[in-house]
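Fold and geometry: a report
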Amino acid sequence: MDLDHELGHHADTSVWAAFGDLMVGVLGAFVLILALALVTQMDLASRLEEETRQRQLEAQRREALERALAGPLASGLISLNEGRIGISGSVLFATGSDQLHAEGRALLHSLAAPLASYLATRDEMLMVSGFTDDKPVRGGNARFADNWELSALRALTVTRTLMSEGLPAGSVFAAAFGPQQPVASNEDAAGRALNRRVELSPMPRRARAEAAAASAASAP
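All values reported here derive from a predicted model rather than from experimental measurement. (Residues numbered from 1 in each chain as written. Predicted model: local features only at pLDDT ≥ 70, side-chain atom pairs only at ≥ 80, totals over all residues. Heavy atoms only, no water.)

The next subject is unusual backbone geometry. The backbone of Glu 82 sits at a positive phi, close to 55°, despite the residue not being glycine. Within the secondary structure layout, Glu 82 lies in the loop between β1 (78–81) and β2 (84–88). Located in the positive-phi region is Gln 181, a residue other than glycine, with phi close to 55°. Here Gln 181 shows up in the loop between β4 (172–176) and α6 (189–195). A relative accessible area of 46% means that Gln 181 is categorised as partly exposed. (Helix = DSSP H or I, 4+ residues; strand = E, 2+ residues; numbered from the N terminus. Buried < 20%, exposed > 50% of the residue type's maximum accessible area, 1.4 Å probe, protein only.)

Moving on: the packing of aromatic side chains. The geometry of an aromatic ring pair is captured by two quantities: the separation of the ring centres and the angle between the planes. Scanning the model with the defined rule gives 1 aromatic pair in all. Against the face of Phe 131 rests Arg 197, its NZ or CZ located 3.8 Å from the ring centre. (Phe/Tyr/Trp six-rings, centres within 6.5 Å; stacked < 30°, edge-to-face > 60°. Lys NZ or Arg CZ within 6 Å of the ring centre and 35° of its normal.)

Looking at the protein chain, the pLDDT average stands at 83 and 80% of residues meet or exceed 70. Ranking the elements of the protein chain by mean pLDDT puts helix α7 (residues 208–218) last with 57 and helix α5 (residues 147–164) first with 96. (pLDDT = per-residue confidence, 0-100.)

Applying the stated criterion across every chain, the model contains 6 salt bridges. Ionic pairing is found between Arg 122 and Glu 124, a salt bridge with its closest N-O pair at 3.6 Å. Salt-bridge contacts for Asp 133 lead to Arg 196; the nearest nitrogen and oxygen are separated by 2.7 Å. Of this pair, Asp 133 sits in the loop between β3 (124–131) and α5 while Arg 196 sits in the loop between α6 and β5 (197–204), and the two are 63 residues apart along the sequence. The exposure class assigned to Asp 133 is buried, which follows from its relative accessible area of 7%. (Salt bridge = Lys/Arg side-chain N within 4 Å of Asp/Glu carboxyl O.)

Right, let's talk about helix α4 (residues 102–122) for a bit. With 21 residues, α4 ought to run about 30 Å at 1.5 Å a step, and its terminal C-alpha atoms sit 31 Å apart, in line with that. Maximal helix bending in α4 amounts to about 30°, located at Ala 112; proline Pro 114 follows within four positions. (Expected span 1.5 Å × (residues − 1). Bend = angle between axes of the 7 residues up to and from the residue.)

Turning our attention to the sheet that holds β4. If you walk across this open sheet you meet the 5 strands as β1-β2-β5-β3-β4, and the pairing is mixed. Looking along the sheet, the strands with just one partner apiece sit at the ends: β1 and β4. Between one strand axis and the next, the sheet turns by 25° as a mean value, whatever way the strands run. Where β2 and β5 come together, 4 bridges link them in antiparallel fashion. In the sheet register, Gly 86 faces β5, and the bridge partner there is Glu 199. Those strands touched by α4 are β1, β2, β3 and β5, and its axis lies near 140° from that of β3. Contacts from α5 reach β3, β4 and β5, with the element oriented near 165° to β4. (Pairing = 2+ DSSP bridges. Axes fitted to C-alpha atoms, helices over the stretch in contact; angles between N-to-C directions. Contact = heavy atoms within 4.5 Å.)

Spelled out as structure tokens, the structure:
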């Protein structure tokens, strides 16, 4: 009887030891899961906080740009959309030309000073982008090989004009997009007129290399 009692006691001890080990394992797994959940929650909260901060900074940036360009915006000759300043190609150039209209030169003159001040206070650069519609350059126009060259020379013309009006050379650069990235359908004259444009886009200096790479990647 003593032997049976001792065996039973040993079996009970083994069962409780195994149960204790199991509970320790379960508790450890629960603590690990809880820790991972807390870390994930903290990471999400940090990301949300950063995203909120970035949205606030972007809103402040756009408000500052709108204030800086209040006069030209009021004239209706430029538009401001998502931080990009849009100028209709017809305001600046005749069709198939990279020579500025007098009206276009006057407009760029009015933009140069507020843009220079805005860029200096925020340590940003200005990307001048040229765009065309999808209609091929007329065969009789030997000055341009294609729409890419036309958009590039228009962007350069605007860039050089802004520099001549006081914008520092180290704060502006040109990019060409040709018929890519249309903002309207090229199926009608009204849409094509919207696509023939120049955009001025303030951006952080570190974004210049990315913008230049994107422009180069989209070239034929």
